[in-house]
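Structure at a glance
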Amino acid sequence: AAEKGLGDGWANDIGFGGIDHAVALGENINICVLDTEVYSNTGGQSSKATPLGSVAKFAQKGRRLQKKDLGGALMNYQGVYVASVAMGANYQQCVKAFQEAEAHPGPSIVMCYSPCIEHRTKTGLTLMAQDQKAAVDCGYWPLYRFDPKRAEEGQPVFQLDSKTLTGNVVDFLRNQNRYSQLERTLPEDAKRLQSELEDHLAKRHAAMKNRSEELPASAAVAKLVEGLQGPEILVLYASETGTAEIVARRFARSAKERGCVVKKMTELNECCDLHAMDATTIVAFVATCGDGEVPASGELFHKKIKDLEGKCAQHQFVVFALGDKGYPKFCAAGKVVAAGLASAGAKQLMEMGVGDQCDEDGWETGYGAWMPVAMDKIGALPPPKRDGPAPAQVLVTTFDEDLEPKQICPPGAVLTPVMENRRLPPPDYERDVRHFVLDTSSVDLPYHLGDAIALYPENLEKHVDQALKHLELDADRAIRVDPAADDVPPRLLEVCKSRTTARQVLTEILDICGRPSRNFYAQLSEFAAGDEKEELLSISTTEKFSAMLDESTSILDVLLKFPSAKPTLAHLMTVIPLIKPRLYSIANSPDYAPGRVELTVVVNRWMTKSGNMKTGTSTQYISQMQVGQKIAATMTTGTFVFPEDDRVPMVMTGLGTGIAPMRAFVQDRMYKKQQGKEVGPMVVFHGCRHEREEYFYRDEWEAFKKAGVLTNMVPAFSHDPPHYPPKMVFVNHKMEEEMDLLKEYIGKQNGYFYMCGLAVAAPGIETALKKAMVGAGYVKATEADEWVEEMKRTGRYSMESY
């Protein structure tokens, strides 16, 4: 491999031709370009760190020539892998680029944005990562990967990884003395160059976005032929755990079957320029997270759409919202997106669809009623008549050898080793609660106080063996999975990147222990015969489905119950949902306990109507994990809001394992106190069943009280004497008893209030807070509702429920 640190002078003349010739040979070589930008070895030319020129210490009056586009030039060659990365801006994209470049069979080149001392960044090289991120956010340094192999998969060969510009170019430039110097010495030149640069970067980014949507010729022709008769639609989603994306992909697949041309299917954030698009029909799928917030993948869209009032009249739209009625702000994010599109002038074709996780069939219930109407409203053709199952979305090729594949890491996640897995209750207690710790010292998994972690569980070996035997699959025979459609989920595309086995697919990818939907029964019936076929169809449309739900029947149970239905592995990867990540609140402060993520996880077990004991897929997997094993994990931004002043009181309510984030909050103030900072009062209301069995972290609470960080710990042991039986005492009762404390810290001192626990308990906690403040004489009963809403609007009332 060749490696060289290079300035922009090299990019202008010195070595450009050498790279050109080396790559043209087509040899399997890997080249890493560390682009320091400043032309530091001669003085005859200005720095081209802006594509349009500026000044540098060595050449304040040099020639103003545009920096050559090395990546763009090399993409014109056959079979060359090209990537542009900035480690501080997107570490995972950087690692992925190097992995793909190394695996590429031909020439590969990775260009790295490498700030050097001559940038004279005002924040210094110690904060180089922030400078890299700022360069990417404003479009100054684009992140992309150009992989010729993707053409074989029918995918765009150019992938733009910095999809949206969120930063300010001028602010980025002013942080570097090499540019601010130009403002001081030649202000008019600086103003003109900055304006030209902003225009250049915007146009370049738009061109790159267009290129990232270009399909290979064969795929483009197929797509054109496929949708000649139907309308053009834009399928967008804002997803927190992946469910909204799954629904969006299902809709897109059905729409294609019904003659629609799916112009694009992507995150809401990638379509902030709707006003500049030609007329189209938008189909948006929006999940709700936190206290009614739009997920991160739609947050930027939500902000930008406010500025497009009346500018999108050429479009029309439908929205399907996903949520849980157990939460106070049910489907609030979907309502916000629909209102934003309407305000922008787009025409709403029908009432917003709603998928409620509390419904009998989860979101499928609402989707099943909404989808046919939506198809009619957007002008889709009638569904095609089909003889037999729909084509699988992947192809599977089997090899005549066994394989022990490496663990697959989902996109955006990292494989993180287990550091500790300790049972918290005594061994004789019926409930199993785990203190589960991941070692993040050697992986890139940064997080902030109040964030949540998403973990990807796996199916247990005993269940996988059952499935393999029943489906008559060669468990460990090497296979290759290739996409057979252009809407294959990213999780499955990750499987396509290397050879795998049926065992690995059933262990890590397919949710064989998940709950089957009505749609699954209907799809499976197409592979069954005789009476079993009729029975599966009957379950999918009648009250028999409810009976299956009552027994918590899993997909594996259904497969075993109907032995004539044996889909191929390719079809299994089409009809069985993928394992979704589960979210867990983080129980430690990243400053107080660095290099680790600590969780408090209850193993979810329940009894069915017939008396069978069932255990949740994720917690069952976590409970059996050993130290050193790795689990795929990614971070999710938390919903908690914290006061800027650490002296402001914090009152927290942690119900059950909802005590986890409260532990982190107290740890954080303990760390700050140890650093010599003054910290304010902290009160924790902790609800659990029994003091002996479930009063977790008792020693820590006592230590925090002794240190003067934890002001009050108010426990509520609901199932302990003397009140139980018959009475159960919950946190809301304790809050009403402590009305003077709440009046002082929340009322008089303008403290912050936090709640974490089951969603069903959230209304009771809110009611208790209002009762306490009314009882203490702080607010009037008629004003209590508005008082709480004002707390939420100002960020002083944060809730995380599940």
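Residues numbered from 1 in each chain as written. Predicted model: local features only at pLDDT ≥ 70, side-chain atom pairs only at ≥ 80, totals over all residues. Heavy atoms only, no water.

1. Examining the confidence of the model for the chain
Summarising the model, the chain shows a mean pLDDT of 88, and 91% of its residues fall at 70 or more. Throughout residues 1-8 the model reports pLDDT below 50, and contacts reaching past four residues in sequence, or to other chains, amount to 28 contacts. Ignoring residues within four places in sequence, the model shows residues 40-63, a span with pLDDT below 50, making 71 contacts including any to other chains. (pLDDT = per-residue confidence, 0-100. Contact = heavy atoms within 4.5 Å.)

2. What to know about the side chain of R434
Residue position: R434 is located in strand 15 (residues 433-439). Side-chain polar atoms of R434 contact the side chain of D432, separated by 3.2 Å. (Helix = DSSP H or I, 4+ residues; strand = E, 2+ residues; numbered from the N terminus. Polar contact = N/O pair within 3.5 Å; in protein donor to acceptor, adjacent residues only side chain to side chain.)

3. Here we look at the packing of aromatic side chains
What the rule picks out here adds up to 24 aromatic pairs. Ring centres 6.0 Å apart and planes at 90 degrees place the aromatic pair Y521 and F545 in the edge-to-face group. Of this pair, Y521 sits in helix 17 (residues 518-525) while F545 sits in helix 19 (residues 544-550), placing them 24 residues apart in sequence. Considered together, Y521 and F545 belong to a single accessibility category, that of buried residues. Considering the side-chain rings of F640 and Y754, the 6.1 Å spacing of their centres and the 55 degrees angle between planes classify their relative orientation as tilted. Pair noted here: F640 is in the loop between strand 22 (630-636) and strand 23 (650-655) and Y754 is in strand 26 (residues 752-757), with a separation of 114 residues, a long-range link. Per residue, the accessibility class of F640 equals that of Y754, and both read buried. (Phe/Tyr/Trp six-rings, centres within 6.5 Å; stacked < 30°, edge-to-face > 60°. Buried < 20%, exposed > 50% of the residue type's maximum accessible area, 1.4 Å probe, protein only.)

4. Brief notes about the side chain of R145
Position of R145 relative to the elements: it lies in strand 5 (residues 144-146). With a relative accessible area of 7%, R145 lands in the buried category. At 2.9 Å, the side chain of R145 and the side chain of E100 are in polar contact. Excluding residues that lie within four positions of it along the chain, R145 makes contacts with Y81, V82, A83, Q93, K96, A97, E100, V157, F158, Q159 and D161.

5. Some remarks on helix 14 (residues 461-471)
Three or more residues of helix 14 are buried, namely H463, V464, A467, L468, H470 and L471. In this fold, the buried residues of helix 14 make contact with helix 16 (502-509), helix 20 (555-561), helix 21 (569-575) and helix 22 (617-624). Looking one or two residues beyond helix 14, the residue adopting positive phi is E472, at roughly 60 degrees.

6. Topic: a nonpolar patch on the surface
Taken together, the side chains of M87, Y91 and V95 define a hydrophobic patch exposed on the protein surface, amounting to about 260 Å² of accessible area. By relative accessible area, M87 is classed as partly exposed at 47%. (Patch = residues over 30% accessible without salt bridge, like charges linked within 9 Å, V, L, I, M, F, W, Y side chains within 5 Å. Areas by Shrake-Rupley, 256 points an atom, 1.4 Å probe, with all protein chains shown as cover. Salt bridge = Lys/Arg side-chain N within 4 Å of Asp/Glu carboxyl O.)

7. A short note on the nonpolar core
Judged by nonpolar contacts, the single largest core of 44 residues is most densely connected at L492, I509, L510, M573 and I576. In terms of residue count, the dominant contributor to this core is helix 21 (five residues). Sequence-distant contacts of I509, defined by excluding residues within four places in its chain, comprise I408, R491, L492, V495, Q504, P577, L578 and I579. (Core = buried A, V, L, I, M, F, W, Y, C linked by side-chain atoms within 4.5 Å.)

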